[in-house]
Amino acid sequence: AGLAIAGVVAVSPVLDPARTLDALESGLWIYPRYFVQKWSRSLRRKQAAWPGAFDFGPLLRSRDLRRMTADLVLAHTDYPDLESYLAGYAITGGRLSGLEVPSTIVTALDDPMIPPHDLDRLPREPRLRIVVTERGGHCGFLESLGAGNWVDRFVHAEFERYLAGLGAAGDAAEQAVPAGAQPAGASHAAAGPIPSAAASPAPTTRSAAAVHAGAAR
């Protein structure tokens, strides 16, 4: 659309929607219930705003996140099924190959919605930097109870360095990573899975190659 994009930061992004849906269904009951309730409110408002245009009655009565998503996909998209729809929004595999601007993903190993081993399925992309913390949940990253989160400062610093044209490295952004974070370097030839949450001793800043190497200093 003619926008000059200097860089991208994604905090706790969904990597593979199919795996996230599985995680939601197999995790605490409060997660799918929260999304069903929030989505149901949105659908009711949309139906009220355009009376006669939509009938979400059967959808709302199902109260099942997978069923609601599948029914909505079939009724309101060009995708043939739920699986195709979810795969269409995945950023794993080669989707992020050939990035034209520096990009950063911030995620936590204890995120209940984003399986950490999906990080292994991201491409070895030189413009992609991945910041992994042992704790942080989904979009949490709280420093202490009642305090803010460090990720706000980190995102601000990332955009500052993007605008300054620093590309894949910048002192300000590194300083915004929580204490204990270490840069990790590894060659593309190294191989191995990302450590599990229990095995990772500290928040770690990694290149995409380092994630594939399982590097954590």
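Residues numbered from 1 in each chain as written. Predicted model: local features only at pLDDT ≥ 70, side-chain atom pairs only at ≥ 80, totals over all residues. Heavy atoms only, no water.

Where like charges cluster on the molecular surface, the positive patch consists of R33, K38, R41, R44, R45 and R63. Mapped onto the elements, K38 comes out in helix α2 (residues 30-49). On the basis of relative accessible area, K38 is assigned to the partly exposed category, the value being 43%. (Patch = residues over 30% accessible without salt bridge, like charges linked within 9 Å, V, L, I, M, F, W, Y side chains within 5 Å. Areas by Shrake-Rupley, 256 points an atom, 1.4 Å probe, with all protein chains shown as cover. Salt bridge = Lys/Arg side-chain N within 4 Å of Asp/Glu carboxyl O. Lys, Arg positive; Asp, Glu negative; His and termini not counted. Charge placed at Lys NZ, Arg CZ, Asp CG, Glu CD. Helix = DSSP H or I, 4+ residues; strand = E, 2+ residues; numbered from the N terminus. Buried < 20%, exposed > 50% of the residue type's maximum accessible area, 1.4 Å probe, protein only.)

Another point: the packing of α2 against helix α4 (residues 65-76). The N-to-C vectors of α2 and α4 enclose an angle of 40°; their axes lie 10 Å apart at closest approach. Put simply, α2 runs oblique to α4. Of the residues in α4, those touching α2 at P32, F35, V36, W39, S40 and L43 are L65, M68, T69 and L72. Taken together, the residues of the contact of α2 with α4 break down into eight nonpolar, two polar and no charged. (Axes fitted to C-alpha atoms, helices over the stretch in contact; angles between N-to-C directions. Parallel < 35°, antiparallel > 145°, perpendicular 65-115°, else oblique. Contact = heavy atoms within 4.5 Å. Nonpolar A, V, L, I, M, F, W, Y, C, P; charged D, E, K, R; others polar.)

Time to look at the pairing of strand β2 (residues 103-108). Counting buried positions along β2 yields six of six residues, so the element is predominantly enclosed. Here β2 shows a buried face lined by S103, I105 and T107 and a second buried face lined by T104, V106 and A108. In this structure, strand β1 (residues 8-11) lies alongside β2, joined through four bridges in parallel fashion. What sits directly across from V9, in β2, is T104. Note: β2 against strand β3 (residues 128-133), six bridges, orientation parallel. By the bridge assignment, S103 is partnered in β3 with L128. (Pairing = 2+ DSSP bridges.)

Here we take up the confidence of the model for the chain. Across the chain, the average pLDDT comes to 79, with 75% of residues at 70 or higher. The secondary-structure element of the chain with the lowest mean pLDDT is strand β4 (residues 182-184), recorded at 33, while helix α5 (residues 82-88) shows the highest, at 97. Note on residues 179-203: pLDDT is under 50 here. Beyond four places in sequence and across chains, it has 61 contacts. Here residues 205-217 scores under 50 on pLDDT; set against residues more than four positions off or in separate chains, the count is 60 contacts. (pLDDT = per-residue confidence, 0-100.)

Turning our eyes to something else, we now look at the environment of R44. Here R44 is to be found in helix α2. Placed 13 residues apart in sequence, R44 and G57 show a C-alpha to C-alpha distance of 8.9 Å. In this structure, R44 is in contact with L60 and R63, ignoring residues within four places of it in sequence.

Moving on to the pattern of salt bridges. In the structure shown here, the tally under the stated rule is nine salt bridges. As a salt-bridge pair, E134 and R135 come within 4.0 Å of each other at their nearest N and O atoms. One continuous salt-bridge network, built from bridges that share partners, spans D16, R19, D118 and R121.

Within the element layout of this structure, E158 appears in helix α6 (residues 150-163). On the accessibility criterion, E158 (0% relative accessible area) is buried.

Look at S12: it is not a glycine, yet its phi comes out positive at around 50°. Turning to its location among the elements, S12 is positioned in the loop between β1 and α1 (17-26).

What follows is about α6. With 14 residues, α6 should reach 20 Å at 1.5 Å per residue; the first-to-last C-alpha distance of 20 Å fits that figure. Turning to α6, its buried residues number three or more, namely W150, V151, F154, V155, A157, E158, R161 and Y162. Mapping the buried residues of α6 onto a view down its axis gives an arc of 165°, with all of them on the same face. Every exposed residue of α6 that faces more than 90 degrees away from the buried side is listed here: D152, H156 and L163. Backbone geometry just downstream of α6 places G165 in the positive-phi region, at approximately 75°. (Expected span 1.5 Å × (residues − 1). Arc of directions from axis to C-beta.)

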